[in-house]
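Coordinates in review
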Amino acid sequence: MKKVEIDPITRLEGHGKITIFLDEKGGVANTYLQIPEFRGFERFCQGRRAEDMPQITSRICGVCPVAHHFAATKALDSAFKVEPPPAAKKLRELMYMGYITYDHILHFYFLGGPDFVVGPDAPPGERNILGVIQKAGLDVAKEVIKHRAYGQKITAILGGKATHPVCGLPGGVSKSLSEDEVGNIGAMVDSCRDFAKFSLTLFDDIVLKNKDYVDMIVSDPFKQDTYNMGLVDSENKVNFYDGLVRVTDQQGKEFLKFKGEEYSQHIVEHVEEWSYMKYPYLKKVGWKGLESGPESGIYRVGSLARLNAAEGMATPMAQEEYKRMYETLGGRPVNSTLAFHWARLIELLYATERAGELLKDPDITSDHVRNPVGEPGEGIGVVEAARGTLIHHYNVDENGLIEKANLIVATTNNAGAITMSIRDAARGLIQNGNVGEGILNKIEMAFRAYDPCFACATHSLPGEMPLRVDVVDSSGNIVKVIER
Amino acid sequence: MNTILIGLGNPLLTDDAVGIRAVRALSKESWKDIDIEEASVGGMELVEMMLGYGRAVMVDSMITGKSSIGAITRMVPDDFEETRNASNLHNVGFIQALKFWSSVGSESVPKDIVIYAMEVEDTYTFSETMTPGVENALPALIERVRGELLG
């Protein structure tokens, strides 16, 4: 059996490796994604003070510290049996909207953008943010910088620190918001909302008006007919910070709806002996291998999955865009992986609208931002990280110390679907042992759409490694290397 | 000329703490026109931290497998082979981020950028204790960076 290895994801940018196995006829037999596991998290947490968890877990990852911070804070609310006051919940959600704003802007323009704005078939050397600037113009680049910075400033004002927030406490937050700060944030939010609208127009002009792109978005290699999961509010609208976990089926109908605390009754993690990665699946459906369809318990999370798992957006302009996306792509659910990018922009618009609503809420400047905690016990917190559902689960002893800690992160929730997407993209491009030069990009596009984060420490040595494919024959000899 | 000294790493991942440990030690000394920061970020955020400074000095860990544990390498951005890869996962590479900021030109990217990296053993295990080889080599790293700052 030939083995094709793609190793783009070094220590420098995250951790992981893609391996493609070819069958005797030179077609793709199987594909897997290997992510080296961080060791000892549970032991590291044992015996630590529970209230340190929002800081510790936000340090796990340089990419989504805010999501970890609030999943941890909500798990502590639950462990200490305390309901935060309304103002605290709204302040947390407002900060969360800042995080979604900067995170989604970064992904669309810097990471997904090159594939679409510059084009999937453009030379690799141009498919980067510099290529995006060349095509979209320097003014757009300046707007990108400005609004990403606004998202970060909003997060910093509320969180105390931009990258590693310190505001979340069991039962509330450490700091209230002043009228001046409301004014400051409001001006930034208004500008971000305009920028979100602009981004959707840009997506229309560059992507949707280009038939080749649309054909690619809806093409079979980029489809996964899985279940979808996301948090929803009481009206089944998308919510990032709070609500119930809703799962919809291949027809878009509600399949499950449960409280975060009940996750272990519905989600099971499958272990393959060849991989450190765990593959979560829906218990009610069962594990049927890495397959799509109603018989397989694999589900997706993240922007498109959230939209599929909900019945709409809770803000007016985002709702209009939500309707338009489903009208354009043939109704809900949309299973085209590349539509994750579109969904991300709709969520960006939602986040800015929702932030505006929260700022107008009279509670937002209340001084009552924390309630006293009860006796410690078990706690579970669920939020929607930018890249999907994130679950923190702690057991806290009577002294307030961590006995047990378990996390299910968004990229783990998507592990099965990402693996299938890579496989299907590879199948479309590898026949009779011929590994086309375009394969790297198409496979990358398939997994980049999920905005995966294998990078629990993306900060490391500031370099980049070239993407590389090794074609290895059955004797283990490298017969071909594609590198760029 | 204002300088920013940035210790990079995750202080919770064994040897990944070495850059942060080095700058923490240096922050106890008195410096003129030098700001000292710790960071667990990469790419864009990292470049944004150094905008407006004339000089940036970073201290980080690395695992190349080509040097002995504790070996210290001094690098400048030109030493990094520019990737032709579009972009990786959820971050933008440091060099690409640097070029991005240089091309938009709205704020100043430091003219001098220097990176000190120590070859380490383990950055995958959650621990606040570094491995002995790295711990023993830490004073040498501090000395090298101190020399850079003074030089």
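Attention in this report is confined to the structure presented alongside it. On a predicted model such as this, the values are computed, not experimentally measured, just so you know.

Calculation criteria
Residues numbered from 1 in each chain as written. Chains lettered and ligands numbered in written order. Predicted model: local features only at pLDDT ≥ 70, side-chain atom pairs only at ≥ 80, totals over all residues. Heavy atoms only, no water. Helix = DSSP H or I, 4+ residues; strand = E, 2+ residues; numbered from the N terminus. Buried < 20%, exposed > 50% of the residue type's maximum accessible area, 1.4 Å probe, protein only. Contact = heavy atoms within 4.5 Å. Disulfide = S-S within 2.5 Å. Axes fitted to C-alpha atoms, helices over the stretch in contact; angles between N-to-C directions. Parallel < 35°, antiparallel > 145°, perpendicular 65-115°, else oblique. Pairing = 2+ DSSP bridges. Salt bridge = Lys/Arg side-chain N within 4 Å of Asp/Glu carboxyl O.

A count of helical and extended segments in chain B gives four helices and five strands. When the helices and strands of chain B are placed in sequence order, the string is β-α-β-α-β-β-α-β-α. The 151 residues of chain B split such that 60% are buried. Long-range contacts, defined as pairs at least 24 residues apart, comprise 79% of the intrachain contacts of chain B with a sequence gap of at least 6.

What follows concerns the state of the cysteines. Think of a disulfide as a covalent bridge from one cysteine sulfur atom to another cysteine sulfur atom. Residue and element names in this part refer to chain A. Taken as a whole and judged by the stated rule, the model has zero disulfides over all chains. The closest cysteine sulfur to the non-disulfide-bonded Cys167 is located on Cys64, 16 Å from its own sulfur. Assessed through its relative accessible area of 3%, Cys167 is described here as buried. The structure places no disulfide on Cys192, whose sulfur is separated from the nearest cysteine sulfur, that of Cys167, by 19 Å. Judged by relative accessible area, Cys192 falls into the buried class, the value being 3%.

Viewed as axis vectors pointing N to C, helix α5 (residues 129-136) of chain A and helix α3 (residues 94-104) of chain B meet at an angle of 25°, and their least axial separation amounts to 9 Å. Judged on the interaxial angle alone, α3 of chain B and α5 of chain A are roughly parallel. Between α5 of chain A and α3 of chain B, the contacting residues are Ile129, Leu130 and Ile133 of chain A on the first element and Gln96, Lys99, Phe100, Ser103 and Val104 of chain B on the second.

Residues and elements named next belong to chain A. The residue Ile217 is located in helix α8 (residues 211-217) in this model. Owing to a relative accessible area of 2%, Ile217 belongs among the buried residues under this scheme. Along the primary structure Ile217 and Ile364 are separated by 147 residues, whereas in three dimensions their C-alpha atoms are 41 Å apart. With residues up to four places along the chain from it excluded, the contact list for Ile217 reads Phe116, Val207, Phe222, Ser336, Leu338 and Ala339.

Two strands in a sheet stick together by hydrogen bonds in their backbones, pointing the same way (parallel) or opposite ways (antiparallel). All names here are of chain A. Taken in spatial order, the four strands make up an open sheet running β8-β7-β6-β11, and their pairing is mixed. Looking at strand neighbours, the two that pair on one side only are β8 (254-258) and β11 (299-300), the edges of this open sheet. Across four bridges, strand β7 (residues 244-248) lies against β8 in antiparallel orientation. Note on β8: the bridge partner recorded for Val247 is Leu256.

Glancing now at the pattern of salt bridges. Residues and elements named next belong to chain A. For the structure on display, the rule yields 34 salt bridges over all chains. Notably, a salt bridge pairs Lys146 with Glu143, separated by 3.9 Å at the nearest N-O pair. Taken together, the residues span about one helical turn, with Lys146 and Glu143 both in helix α6 (residues 138-159) at a distance of three residues. Under the relative-accessibility criterion, Lys146 is labelled partly exposed at 32%. Judged by relative accessible area, Glu143 falls into the partly exposed class, the value being 31%. Salt-bridge contacts for Lys209 lead to Asp205; the nearest nitrogen and oxygen are separated by 2.9 Å. One network of salt bridges, in which partners are shared, links Arg49, Glu51 and Asp52.

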